[in-house]
Every structure is written in structure tokens, then in C-alpha cells.
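Each chain is listed here by its residues.
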Amino acid sequence: MTVKRRAARVAGIAVLALTALTAPARADGSYECFSGERSPAGDAYSLTGWDCVGAGYAQVKVTLRLGPVAGTYVCGYVFSWNGTLSGNVCRL
């Protein structure tokens, strides 16, 4: 491999690595719930949602449609069972 090719390859890898490090956080799944509630948990929230549909376990976007805490949250991890969702480390 020539010096120019090797340098171009290293530069390309560096650009990809920097792009990955500076990319915004993303949710790996999503749920939509008819209603829910939240409670403070340190600098984040714990969520409970009802009549939820969706998929995912970690870094999940959760949308609560109705109620005083309606909004879209990103949760560190969630557990869903029979339409009820429990989310932890959730932020608006």
C-alpha cells in the first residue's frame, strides 16, 4: 500500500470516528402510550405508560399522548408488558 493510500485511509477512519463521537444521541426503539405518569428519579424521571404500542428496550423514545405529563421522552431503558410500560432514566 502506498503512503498516499495509507494516509487517505487513516484520514477516512479518523473522519468516521469523529462523526460517530459527535453524532447526537438516538433512540433505538419507540413506544406510543395513550396516557401515563412520571415521577422524579434524580436528574431524570421514571415513567409509567398505559395502552402502549411499540418496540425497543434501551435508548427508547416514549410518547405519552394525554394527561398532565404528555410529551416525548427518551428513556435509558424500558420494560413493556401487555400494553403497560415502565421506563427508567427518562428525559424530556
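This write-up is about the structure you can find in this document. This one's a predicted model, so the numbers in the text were calculated from it and none came from an experiment.

### Quick notes on the overall build of the chain
Check the secondary structure of the chain and you find 1 helix and 5 strands. Secondary structure elements of the chain, listed N to C terminal, follow the sequence α-β-β-β-β-β. The buried share of the chain, reckoned over its 92 residues, is 24%. In the chain, 45% of the contacts between residues at least 6 apart in sequence involve partners at least 24 apart. About 6,400 Å² of surface is accessible on the chain, with carbon and sulfur atoms providing 61% of the total.

### Looking at the pairing of strand 2 (residues 44-55)
Here 11 bridges tie strand 1 (residues 29-41) to strand 2, and the two strands are oriented antiparallel to one another. If you follow Ser30 over to strand 2, its bridge partner there is Ala55. As consecutive antiparallel partners, strand 1 and strand 2 are separated by 2 residues, and within that stretch Gly42 has a phi angle of approximately 70°, a positive value. Here strand 2 pairs with strand 5 (residues 84-91) via 4 bridges, running antiparallel. The partner of Gly49 across the bridge, within strand 5, is Leu85.

### A look at the pattern of salt bridges
Across all of its chains, the model carries 2 salt bridges by this definition. Here Glu32 and Arg65 are joined by a salt bridge, their closest N and O atoms 3.1 Å apart. On the criterion of sequence distance, the pair formed by Glu32 in strand 1 and Arg65 in strand 3 (residues 58-66) is long-range, its members being 33 residues apart. In this structure Arg65 comes out as partly exposed when scored by relative accessible area, which is 47%. Between Arg91 and Asp43 there is a salt bridge, with its nearest N and O atoms 3.3 Å apart. A residue pair is termed long-range when its members are at least 10 positions apart, and Arg91 in strand 5 and Asp43 in the loop between strand 1 and strand 2 qualify at 48 residues. Exposure remark for Arg91: the relative accessible area of 39% places this residue in the partly exposed category.

### Brief notes about the environment of Pro40
With respect to the helices and strands, the residue Pro40 is situated in strand 1. Among the residues examined, Pro40 registers a relative accessible area of 71% and is labelled exposed. Pro40 sits 49 residues away from Val89 along the chain, and the two C-alpha atoms are 9.5 Å apart.

Here is what the cut-offs are and how they apply
- Residues numbered from 1 in each chain as written.
- Predicted model: local features only at pLDDT ≥ 70, side-chain atom pairs only at ≥ 80, totals over all residues.
- Heavy atoms only, no water.
- Helix = DSSP H or I, 4+ residues; strand = E, 2+ residues; numbered from the N terminus.
- Buried < 20%, exposed > 50% of the residue type's maximum accessible area, 1.4 Å probe, protein only.
- Contact = heavy atoms within 4.5 Å.
- Areas by Shrake-Rupley, 256 points an atom, 1.4 Å probe, with all protein chains shown as cover.
- Pairing = 2+ DSSP bridges.
- Salt bridge = Lys/Arg side-chain N within 4 Å of Asp/Glu carboxyl O.

Remember, this is a structural readout, not a statement about activity or role.
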